[in-house]
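If you want the building blocks of each chain, they are given just below.
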Amino acid sequence: MTTAPAKLYGKDLSEYEELDVDQLLAQLTPEEISLLAKEVDPDDNLLPPSQRCSYECTKLPTGPLDRKKLIEHINRQAMETPDQPEVKPFVPGVIRGKKWMPPPQSQLQKDADEQIAIDLGDEYEEALNDATQEEIIDLAAILGFHSMMNQEQYHASLLNKGQPIGLGWDGVTKASQPKAFPADPPNATDVDKTIQQVGDDDHNLVDLNWNNIKNISDEKFEQLFSALGDNTHLETLSLVNVNLNDRTAIKLADAIEKNNTLRVLNVETNFISPVGIVHLVKALLNQKVIEEFRASNQRSQVLGNKIEMEITKLIEQNPTILRLGLHLEYNDARHRIATHLQRNIDRIRQSRLGNTSS
């Protein structure tokens, strides 16, 4: 039994993928844009606060804001507003309502609270009785009794540094000064130069890293992906935290379908929707050369059952993928993908062993 494809306003959903959103918005009137703005998610942190607010007052301001007078007016109005009368007036010393009494403790709880005596044997009892406080703390750290000690005692036991002086069972751990680590230097990769190198098929450019470069325009991404399709030397492409969206992701998917040398693709921490991730995973099946694909930590943290199952089917058809970086919520998808990746790794390892033996 086959189901009809989903439609919207009489058209298949695939027909809306190539539409230019900016061009459609330019055709709307201000009234239509205001109606559309009401449908925007107010929790979208990508929008400025002025666009998230649904306040539509068209009155002109009566004057500049005087914060002091406003607070005085609010306090005066609160003081002048009469309190609501209580149903039952308050009388000092009189208990209003039913007084709470703790329920009686059952015999099972009493038995559980009683101390249980354990016979450890004469040898162990003698060793524990003669042990010093530092030795008992070390023993608690080995057994994993973290609640019996503070943080400095626990780390001192693990590192075998000796217990700090003055920190017994009643000792208080003071805050330690955190270590200052220098910030990572900014990515100094020249965007225009690397685009030119990819377009010229430079044999020296094997690894391209644009991670964390801000304000890269969509035109730059389109130039890179247009040149990537015919490149025969680039093997690793990292585009982490560069504000990739669905529009540029589709261009990247088209480039992946043409490129036959790329081995590692990393597009983590961007704004690609689950549908865009499906496009990228589907593009991996064309050349079947990419061994590692990472696309976690996108704007939509949860892919959904339908998307995860579709990605699982696409991965199971890919004989070359070895590592996949995606957050999958459902156990079935995780198990099936992990099994298929392990099968690909085993097959490649066996082929390498066969080549070395021959």
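Read on for a plain summary of the structure. (Residues numbered from 1 in each chain as written. Predicted model: local features only at pLDDT ≥ 70, side-chain atom pairs only at ≥ 80, totals over all residues. Heavy atoms only, no water.)

All right, on to the packing of helix α12 (residues 274–287) against helix α13 (residues 305–316) then. Between α12 and α13, the shortest axis-to-axis distance is 9 Å and the interhelical angle comes to 10°. Considering their axes alone, α12 and α13 lie roughly parallel with respect to each other. Judged by residue contacts, Pro274, Ile277, Val278, Val281, Lys282 and Leu285 of α12 engage Ile307, Glu310, Ile311, Leu314 and Ile315 from α13. A class-by-class count of the residues in the contact of α12 with α13 yields nine nonpolar, no polar and two charged. (Axes fitted to C-alpha atoms, helices over the stretch in contact; angles between N-to-C directions. Helix = DSSP H or I, 4+ residues; strand = E, 2+ residues; numbered from the N terminus. Parallel < 35°, antiparallel > 145°, perpendicular 65-115°, else oblique. Contact = heavy atoms within 4.5 Å. Nonpolar A, V, L, I, M, F, W, Y, C, P; charged D, E, K, R; others polar.)

To continue, consider the pattern of salt bridges. Under the defined criterion, the tally for this structure stands at six salt bridges. Its salt-bridge partner being Glu292, residue Arg294 comes within 2.6 Å of it at the nearest N-O pair. A residue is classified by how much of its surface remains accessible, and Arg294, at 26% relative accessible area, is partly exposed. Classification of Glu292 by relative accessible area gives buried; the value is 14%. A salt bridge links Asp346 to Arg349, with the nearest nitrogen and oxygen atoms 2.9 Å apart. Remark: Arg349 and Asp346 occur in helix α14 (residues 331–357); sequence separation between them is three residues, near one turn of the helix. Salt bridges here are not isolated pairs; linked through shared partners, they connect Glu292, Arg294 and Arg323. (Salt bridge = Lys/Arg side-chain N within 4 Å of Asp/Glu carboxyl O. Buried < 20%, exposed > 50% of the residue type's maximum accessible area, 1.4 Å probe, protein only.)

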